[in-house]
2 protein chains.
Amino acid sequence: MGRLLITNARILDVSENGDSVAVRTGQDVLIDGNRIEALLPEGTADRSQFDSVIDAGGMLLMPGLINCHAHVPMVLWRGLAEDVSIERWFNDYMWPLENNLQPEDVYWGMLLGLIEQIEAGVTSVADHYFHMQLAAQAVEKSGARALLGYAMFGSQGLAMVEETARFVQEYQGAANGRIRTIMAPHAPYTCDDDFLRASAQAAKRLGVGIHIHVSETTDQTVASLARRGMTPVQVLERTGVLDVPTILAHVCGATPDDIRLLERYPVGIAHAVKTYLKLGQDTAPVVEFLAAGLPVGLASDGAVSNSTLNLWEPLRLMALTQKQRARMGEAMPIAQALHIATRGSARVYGMPDELGAVAPGYLADLILIDLSGAHHQPLHNIPASLVYNLQPGDVRTVIIDGQVVMRDRQLLTIDRDEVIAQVVSRMERLSYLDPAKRIQTYA
Amino acid sequence: MGRLLITNARILDVSENGDSVAVRTGQDVLIDGNRIEALLPEGTADRSQFDSVIDAGGMLLMPGLINCHAHVPMVLWRGLAEDVSIERWFNDYMWPLENNLQPEDVYWGMLLGLIEQIEAGVTSVADHYFHMQLAAQAVEKSGARALLGYAMFGSQGLAMVEETARFVQEYQGAANGRIRTIMAPHAPYTCDDDFLRASAQAAKRLGVGIHIHVSETTDQTVASLARRGMTPVQVLERTGVLDVPTILAHVCGATPDDIRLLERYPVGIAHAVKTYLKLGQDTAPVVEFLAAGLPVGLASDGAVSNSTLNLWEPLRLMALTQKQRARMGEAMPIAQALHIATRGSARVYGMPDELGAVAPGYLADLILIDLSGAHHQPLHNIPASLVYNLQPGDVRTVIIDGQVVMRDRQLLTIDRDEVIAQVVSRMERLSYLDPAKRIQTYA
């Protein structure tokens, strides 16, 4: 770590309210340890006071992207559940495949997914999965930042709430603070009220939040109303889940009443639109969420539904599909989309004052993007190019918590070949499919 | 040119009817001049009979992609008309900006767009624009394949039909046959019936097809019904346009009757879904087109609406949006999407027996794709990875008409730096905006 100086960058500056975006030049970025110390006029900093200097050569400097909802280790199975409905995706593929999962698989799957994320400039991830001690080890090794939740189902019994609460306590603040933890009951349709209530109580007791799937589809909202007389969002309110800072994954089936209800609680919404499209579902009412003042962040979900873990695709798809949904080319303008990708995602992730901006006092989670590719030329409009033209491979250098983890596309913390070899060696065992052996059933 | 041998590739094989897709190994591809001579069991070809050998090292070999509808030189203005409706896009931006266009701009804009296309594995383009002699020079230099149409509006008068017919005659078969030509009236809403009839007659006389915009939006269909008592598609039928092989760009506003009508004519549909989404419009009923037996091909449209010219984005977006439109994850399966990207596009482009497959007798328009990236790993399902994971930068080597035009991402025919410098030097003049000076008006 030490002191790092970044010169000669274009710096992305998204306004706090998301109304405007600018690209600034002429400023050096001074990093001390894991934080941005100052932005000074170019050339005024004393270079002798820095351990290293990065000349950005006109590249764009912006905050690292934050993945607000993922199951990173699921990359182990990507490509194995294609062209199916959500019912078949769960019952015929995903939940039988997860029956094959061994703890050590999580370590290697997490590392593979973290490689893909780092290579695409994703510096933080809110991950919701199993065997999370192994995921934490992978995060520690990679240098990434993560908010880890140990997924649990109501069928596992209330003892599981206490078991995952112990994980939350043990790993809170690990890896120099890069790891934070959160309680992670799976969803209202897989956890009964008592289980949700116990999860919320544990979260309150531990001073952490909750990360949960809710109203993934309109059908789930309809089914919940028929079965329980209330929407999944109302179930979360009644069981106390919304009283702690909560990441709500998806909420595609939110009703107008749900949105009004959510305004009163400290929630953020993780939006993983590629998955919704792939499964043939409605997308979420993002424009309405924003109008209600609800924070929205980008998400990749798992790679078995989403195929990829970069966040440039959900950014672009969100803007495109919200324009189409509104039948207005003016909807979801570029500044708003980039606000969601930066400050909005930081708020959903729970670190709005430390992530999502290139500003003094913020953590040094930064990426450098090469705009010299033919697909960006000529550079009439850099913010537009970030939303609509960028390819993940344009990310050249990635800094997390003050540490350079990728430089000129060379990974510095992870042995890429070893990770891929480990994952490939597990492919046959992991892809064994017996639909009678499911870890859960989707009804 | 000469004789080229490609060994050690995985070869993409999409069935003729689009029902299935396979990845074959163990075959060498023998190229003689500009055509594929044979596929032979690996190691059986006599290497001494080849001028060069490419060891693909396990990369995927597939047909080069075919862009069925573009205005490539419009890359000159990309980023200058963002977050707007189609009306404002035309009237406040595009048509005033095109007032600045000089013939030589077309040469440099075409080259910049061809760089982007070649770097993304796009080997052919059906381009519809102005000053096409200059576009043809750029195509000749780049080594690309193109079907060029000189765009014209009814307001230019019938003499323009004869002028562009002369372009069609002069450039037909140019550049060793890589250049073909086509008549290109702009659209039913910018050309009256006499102009369309004259265009169709010229096409018949010259033995070529027509490339035209039609029913870009549902609003255009509604407006045409109100104004002329028939849909834009019916206007094309009545004026004889459909009697020649015709590329119909978009047809998002096709009615069920339009689809039944089109079944009787030699038409193909170019699908540029990223543009539709960006302008906040409905997408086209692609699933219905396919059910009616109409060929569909991928398209980028121009980069002022579409931002980019690669075809991996429209491929992915088409599959995703058709699934969502059908509210069925099973809709637009991977094999069907890849059929559209290869054989379907070749049919729309008018060369179904020479492009779109890796097979003996086909032209050697081939690309090699690196699947070793973390975003493809592990390789459970290569066809899925092509549709849902690929980044344009994964294309490593591009062969067009038997000539290697990009090798290991190094362009061999175009001086990238010179082209970008030329385009940048024109930026200021080209971006001057006076909305009172439009080349046309969109009503």
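Residues numbered from 1 in each chain as written. Chains lettered and ligands numbered in written order. Predicted model: local features only at pLDDT ≥ 70, side-chain atom pairs only at ≥ 80, totals over all residues. Heavy atoms only, no water.

Caption draft 1: Seen up close, the overall build of chain A. Counting its regular elements, chain A contains 15 helices and 19 strands. For 443 residues, the compact-globule formula gives about 22 Å, and the C-alpha radius of gyration of chain A, at 21 Å, lands near that figure. Projected onto the principal axes, the alpha-carbon positions of chain A cover approximately 65 × 50 × 45 Å. Counting all 443 residues of chain A, 67% fall into the buried class. Counting only contacts in chain A whose residues sit at least 6 apart along the sequence, the fraction spanning at least 24 positions is 74%. Counting only carbon and sulfur atoms, one obtains 46% of the accessible surface of chain A, whose full area is about 14200 Å². (Helix = DSSP H or I, 4+ residues; strand = E, 2+ residues; numbered from the N terminus. Rg over C-alpha atoms; globule rule 2.2 N^0.38 Å. Buried < 20%, exposed > 50% of the residue type's maximum accessible area, 1.4 Å probe, protein only. Contact = heavy atoms within 4.5 Å. Areas by Shrake-Rupley, 256 points an atom, 1.4 Å probe, with all protein chains shown as cover.)

Caption draft 2: Structural view of the interface of chain A and chain B. If you look at the interface, chain A gives 59 residues, while chain B gives 59 residues. In terms of surface lost to chain B, no three residues of chain A exceed Asp83(A), Gln324(A) and His380(A), which account for 15% of the buried area on that side. At the surface where chain A touches chain B, the tally comes to six salt bridges. Put simply, Asp83(B) and Lys323(A) hold a salt bridge, and the shortest N to O gap is 2.6 Å. Between chain A and chain B we count 26 residue pairs in polar contact (both at pLDDT 80 or more) in total. Where the side of chain A that touches chain B is concerned, the elements lending two or more residues are helix H2 (103-119), helix H9 (273-278), helix H12 (312-326), helix H14 (382-388) and helix H15 (416-430) of chain A. Per-element tally for the side of chain A that touches chain B: the top contributor is H12(A), with six residues. (Buried area = accessible area lost by both parts, 1.4 Å probe. Salt bridge = Lys/Arg side-chain N within 4 Å of Asp/Glu carboxyl O. Polar contact = N/O pair within 3.5 Å; in protein donor to acceptor, adjacent residues only side chain to side chain.)

Caption draft 3: Inspection of helix H4 (residues 159-171) of chain A at higher detail. Residues and elements named next belong to chain A. Counted at 1.5 Å a residue, the expected span for H4 with its 13 residues is 18 Å, and the 19 Å between its end C-alpha atoms agrees. Buried residues along H4 sit against helix H3 (132-142), strand S10 (145-152), strand S11 (179-185) and helix H5 (193-206). At the C-terminal side of H4, Gly173 shows a positive phi close to 80 degrees. (Expected span 1.5 Å × (residues − 1).)

Caption draft 4: Representation of the pairing of strand S3 (residues 21-24) of chain B within the structure. Residues and elements named next belong to chain B. Bridge count for strand S2 (residues 10-14) against S3 is four bridges, and the pairing is antiparallel. What sits directly across from Asp13, in S3, is Ala22. Taking the residues that link successive antiparallel strands as the turn, the S2-S3 hairpin has six residues, and the phi of Gly18 there is positive, at about 80 degrees. (Pairing = 2+ DSSP bridges.)

Caption draft 5: Molecular detail of the packing of aromatic side chains. By the definition in use, this model includes 20 aromatic pairs over all chains. Where Tyr189(A) meets Tyr442(A), the ring centres are 5.3 Å apart and the plane angle is 85 degrees; that geometry is what we call edge-to-face. In this pair, Tyr189(A) sits in the loop between S11 and H5 while Tyr442(A) sits in the segment after H15, placing the two residues 253 residues apart along the sequence. Among the aromatic residues, ring-to-ring pairing joins Trp89(A), Phe90(A), Trp95(A), Tyr129(A), Phe130(A), Phe153(A), Tyr189(A) and Tyr442(A) into one connected group. Sitting over the face of the ring of Tyr349(B), Arg180(B) holds its NZ or CZ atom 5.3 Å from the ring centroid. (Phe/Tyr/Trp six-rings, centres within 6.5 Å; stacked < 30°, edge-to-face > 60°. Lys NZ or Arg CZ within 6 Å of the ring centre and 35° of its normal.)

Caption draft 6: The sheet that holds strand S17 (residues 395-400) of chain B, seen in detail. Residues and elements named next belong to chain B. Spatially, S3-S2-S7-S16-S17-S18-S19 is the arrangement adopted by the seven strands of the open sheet, whose pairing is mixed. Two strands lie at the open edges of the sheet, namely S3 and strand S19 (410-411), each paired on one side alone. As paired elements, strand S18 (residues 403-407) and S19 share two bridges and run antiparallel to each other. Paired with Arg407 across the bridge in S19 is Gln410.

Caption draft 7: Geometry of the relation of the copies chain A and chain B. Each copy of the sequence occupies a distinct position, and chain A is placed on chain B by a rotation of 180 degrees and an axial shift of 0.0 Å, giving an RMSD of 0.0 Å. As the rotation angle and translation indicate, the two copies are arranged about a two-fold axis. Both copies share a contact surface, since 100% of the interface residues of chain A are interface residues in chain B too. (Least-squares fit on C-alpha atoms with pLDDT ≥ 70 in both.)

Caption draft 8: Quick peek at the pattern of salt bridges. Residues and elements named next belong to chain B. Evaluated as defined, the whole model comprises 50 salt bridges over all chains. Of the charged contacts, one joins Glu82 and Lys278 as a salt bridge, the two residues approaching to 2.7 Å between their closest N and O atoms. A residue pair is termed long-range when its members are at least 10 positions apart, and Glu82 in the loop between strand S8 (65-70) and helix H1 (86-97) and Lys278 in helix H9 (residues 273-278) qualify at 196 residues. Residue classification places Glu82 among the buried residues on the basis of a relative accessible area of 13%. Arg145 serves as the salt-bridge partner of Asp365, at 2.7 Å between the closest nitrogen and oxygen.

Caption draft 9: Quick look at the domain arrangement of chain A. Residues and elements named next belong to chain A. Parsing chain A into structural domains produces domain 1 (3-63 + 356-412) and domain 2 (65-349). Domain 1 puts 36 residues into the contact, and the matching count from domain 2 is 30 residues. Counting the surface lost from both domain 1 and domain 2, the interface buries some 2800 Å², and carbon and sulfur atoms represent 65% of this. Looking at the side of domain 1 facing domain 2, the largest losses of area belong to Val387, Tyr388 and Ile400, adding up to 23% of the total buried there. If you look at where domain 1 meets domain 2, you find nine residue pairs in polar contact (both at pLDDT 80 or more). For the side of domain 1 that touches domain 2, the elements supplying multiple residues, two or more each, are strand S7 (60-63), strand S16 (366-369), H14, strand S17 (395-400) and strand S18 (403-407). Considering each element in turn, the side of domain 1 that touches domain 2 owes the most residues, five residues, to H14. (Domains from an automatic or database assignment.)

Caption draft 10: Seen up close, the environment of Met332(A). Positionally, Met332(A) belongs in the loop between H12 and helix H13 (334-349). Between the C-alpha atoms of Met332(A) and Val286(A), which are 46 residues apart in sequence, the distance is 9.0 Å. Dropping the residues within four chain positions of it, Met332(A) is found in contact with Val286(A), Leu290(A), Met318(A), Ala319(A), Gln322(A), Lys323(A), Ala337(A), Ile340(A) and Asp83(B).

Caption draft 11: The arrangement of the sheet that holds S18(A) in detail. All names here are of chain A. Pairing is mixed in the open sheet, where seven strands are placed in the order S3-S2-S7-S16-S17-S18-S19. Every other strand in the sheet has two partners, leaving strand S3 (21-24) and strand S19 (410-411) as the edge strands with one partner each. The sheet contacts of H13 involve strand S2 (10-14), S3 and S7, and relative to S2 the element is tilted by about 100 degrees. (Axes fitted to C-alpha atoms, helices over the stretch in contact; angles between N-to-C directions.)

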